[in-house]
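Commentary on secondary and tertiary structure
One-letter residues, chain by chain:
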Amino acid sequence: MKNYLTNMFWGPADHDEFSNGIQLAINQVAPHGIFTGDNIFTFGRNLSFLDDEKFIAAFSKHVETDAEKAIIWRINILCWAARQSLRIEGDFVECACYKGISARIICDYVEFGKRDKGYYLYDLFEHSSEMSHHSMPEHSIDLYTQVKKRFADLRQVHVTQGAVPEILHQVSPNKIAFLHLDLNNASAELGALELLFDRVSTGGIIILDDYGWLAYRAQKEAEDPFFEKRGYRVLELPTGQGLVIK
Ligand SMILES: C[S@@+](CC[C@H](N)C(=O)[O-])C[C@H]1O[C@@H](n2cnc3c(N)ncnc32)[C@H](O)[C@@H]1O
């Protein structure tokens, strides 16, 4: 049985002390099936994604930072959802893609180049003091070009720079099989859902990256009534993601 240990937890006041505590907890259990990172600690778990060679190859090829390494479980959930969604009519959509890391891992994992589907990626890619969205370390005027380069070999991937939801009026598919929302912004996510939810095919999968995180609780509070009104309920996953199968 494999373990996957990272030291990346969001929120502890003293990271060294927190790590010592995790180590003390690990010392109390059999050293199998341990996962630490991204605010998850497990032991005695199969961690099946670590045995998925195709997933590990795609993940290892594209992941760049310690923070990205820590979110392997979240990325595996995306890969699972994308793989399931290949059977569903419609295209793939991600609002927002930032560096395009998780979308690129998905493309390799599901061999997107061989699929008769489009993949629509959106982001602002830049940040300045006048913009209201959350800044990220690699936002820059070059990021849009860099992300387009990351997908240069995949003609079905459309990278669009602009603000969600407004940009969706200009470029967006009519039928959606897989929708990944990761905007860290309640009104933008709700706006995206209002425009795109009706286009998600029956059986299509929606992943809400920030749904379970207290720091982004405003998103859950906006999304719960949206889904309840339509007869759906979001499943909060232990990774902090929300899952809806339409
Ligand atoms: C956490 S990152 C996305 C990470 C990406 N999903 C991944 O898996 O690697 C959040 C992104 O949302 C983008 N963003 C926030 N508000 C936006 C909006 N209204 N329209 C477009 N992009 C937005 C930011 O620029 C940022 O790059």
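Numbering of residues begins from 1 in every chain and follows the order in which that chain's sequence is written. In keeping with the predicted nature of the model, local features appear solely for residues at pLDDT of at least 70, side-chain atom pairs appear and are counted solely at 80 or more, and the whole-chain, interface and lining totals rest on all residues.

A word on the overall build of the protein
Secondary structure elements follow DSSP: runs of H or I no shorter than four residues count as helices, runs of E no shorter than two count as strands, and numbering proceeds from the N terminus. A count of helices and strands for the protein gives eight helices and ten strands. Here the globule rule reads 2.2 Å times residues to the power 0.38, and the radius of gyration is calculated from C-alpha atoms. For the protein, the C-alpha radius of gyration of 18 Å lies close to 18 Å, the compact-globule estimate for 246 residues. Projected onto its principal axes, the C-alpha coordinates of the protein cover approximately 55 × 40 × 40 Å. Exposure classification rests on a simple neighbour count of other C-beta atoms within 10 Å of a residue's own: a residue reaching 20 or more is buried, one at 12 or fewer is exposed, and one in between is partly exposed. C-beta atoms are placed from the backbone. Across the 246 residues of the protein, 37% fall into the buried class. It is the C-beta atoms, placed from the backbone, that decide contacts: two residues are in contact if theirs lie within 7 Å. The contacts of the protein with a sequence gap of at least 6 include a subset with a gap of at least 24, amounting to 72%.

A word on the sheet that holds strand β9 (residues 235-236)
Strands are treated as partners if at least two bridges between them are detected by DSSP. Pairing is mixed across the open sheet formed by seven strands, whose spatial order is β6-β5-β4-β7-β8-β10-β9. The sheet is open, and its two borders are formed by β6 (157-161) and β9, each paired with just one other strand. When strand β8 (residues 200-208) meets strand β10 (residues 242-245), the two strands line up antiparallel, connected through four bridges. The residue bridging Leu 208 from the neighbouring strand is Gly 242, located in β10.

A word on the pairing of strand β4 (residues 91-95)
Within β4, five of the five residues are buried, which leaves the element mostly enclosed by the surrounding structure. Going residue by residue along β4, you find Asp 91, Val 93 and Cys 95 tucked away on one face and Phe 92 and Glu 94 tucked away on the opposite face as well. Bridging between β4 and strand β7 (residues 176-181) involves five bridges; their strand directions are parallel. The residue bridging Glu 94 from the neighbouring strand is His 180, located in β7.

What to know about unusual backbone geometry
At the junction of Cys 95 and Ala 96, the peptide bond is cis and its omega measures out at 10° in the coordinates. With respect to the secondary-structure elements, Ala 96 resides in the loop between β4 and α5 (101-109). The residue after Val 164, namely Pro 165, is reached through a cis peptide bond having omega 10°. Tracing the sequence through the fold places Pro 165 in the loop between β6 and β7.

Brief notes about the domain arrangement of the protein
When the parts of a complex come together, some accessible area is lost, and that lost area is often taken as the interface size. Marked domain ranges trace back to an automatic or database domain assignment. Domain annotation for the protein reports domain 1 (4-42) and domain 2 (66-245). Placing a centre on the C-alpha atoms of domain 1 and another on those of domain 2 gives a separation of 28 Å. Taken together, the contact between domain 1 and domain 2 spans seven residues of the former and ten residues of the latter. For this classification, the nonpolar set comprises Ala, Val, Leu, Ile, Met, Phe, Trp, Tyr, Cys and Pro, the charged set comprises Asp, Glu, Lys and Arg, and every other residue, Gly included, is treated as polar. Residues belonging to the side of domain 1 that touches domain 2 are distributed by class as follows: four nonpolar, two polar and one charged.

Some words on the pairing of strand β5 (residues 119-123)
Side-chain positions along a regular strand alternate between the two faces of the sheet. With five of five residues buried, β5 is to be regarded as a mostly interior element. Throughout, right-handed denotes a crossover for which the path from the first strand over the helix to the second runs clockwise when the strands point away from the viewer. Of the crossover connections in this fold, the one passing from β4 over α5 to the parallel β5 is right-handed. Summarising the sheet, β5 and β6 pair through five bridges and their orientation is parallel. For Asp 123, the partnering residue across the bridge sits in β6 and is Gln 161.

Re the site of the ligand
All residues are tested the same way: a C-beta atom is placed from the backbone, and lying within 6 Å of a molecule or strand makes the residue near it. Looking at the ligand, there are 18 residues lining it, with Ala 96, Tyr 98, Ser 102, His 133 and Asp 182 nearest. For the shell around the ligand, the secondary structure elements donating two or more residues are α5 and β5. A per-class count over the shell around the ligand returns eleven nonpolar, four polar and three charged.

Here we look at the sheet that holds strand β3 (residues 40-42)
The strand order β1-β2-β3 describes an open sheet built from three strands, whose pairing is mixed. Each having just a single partner strand, β1 (4-5) and β3 make up the two edges of the open sheet. Bridge analysis of β1 against strand β2 (residues 35-37) gives two bridges, and the strand direction is parallel. Across the sheet, Leu 5 pairs through a bridge with Thr 36, a residue of β2.

Section: helix α2 (residues 53-62)
Because each turn of an α-helix spans 3.6 residues, side chains separated by three or four positions end up pointing in the same direction. Along α2, the residues that are buried comprise Phe 55, Ala 58, Phe 59 and His 62. Taken around the axis of α2, the buried residues stretch over an arc of 95°, which confines them to a single face. Looking at α2, the residues exposed on the side facing more than 90 degrees away from the buried face are Glu 53, Ser 60 and Lys 61. Taking the helix axis as origin, the arc is that swept by the directions to the C-beta atoms.

Examining helix α4 (residues 72-85)
Given the number of residues in a helix, its expected span is that number minus one, multiplied by 1.5 Å. The terminal C-alpha atoms of α4 lie 20 Å apart, and with 14 residues this matches the ideal 20 Å at 1.5 Å per residue to within 8%. All buried positions along α4 are accounted for by Ile 72, Trp 73, Arg 74, Ile 75, Asn 76, Ile 77, Leu 78, Cys 79, Ala 81, Ala 82 and Ser 85.

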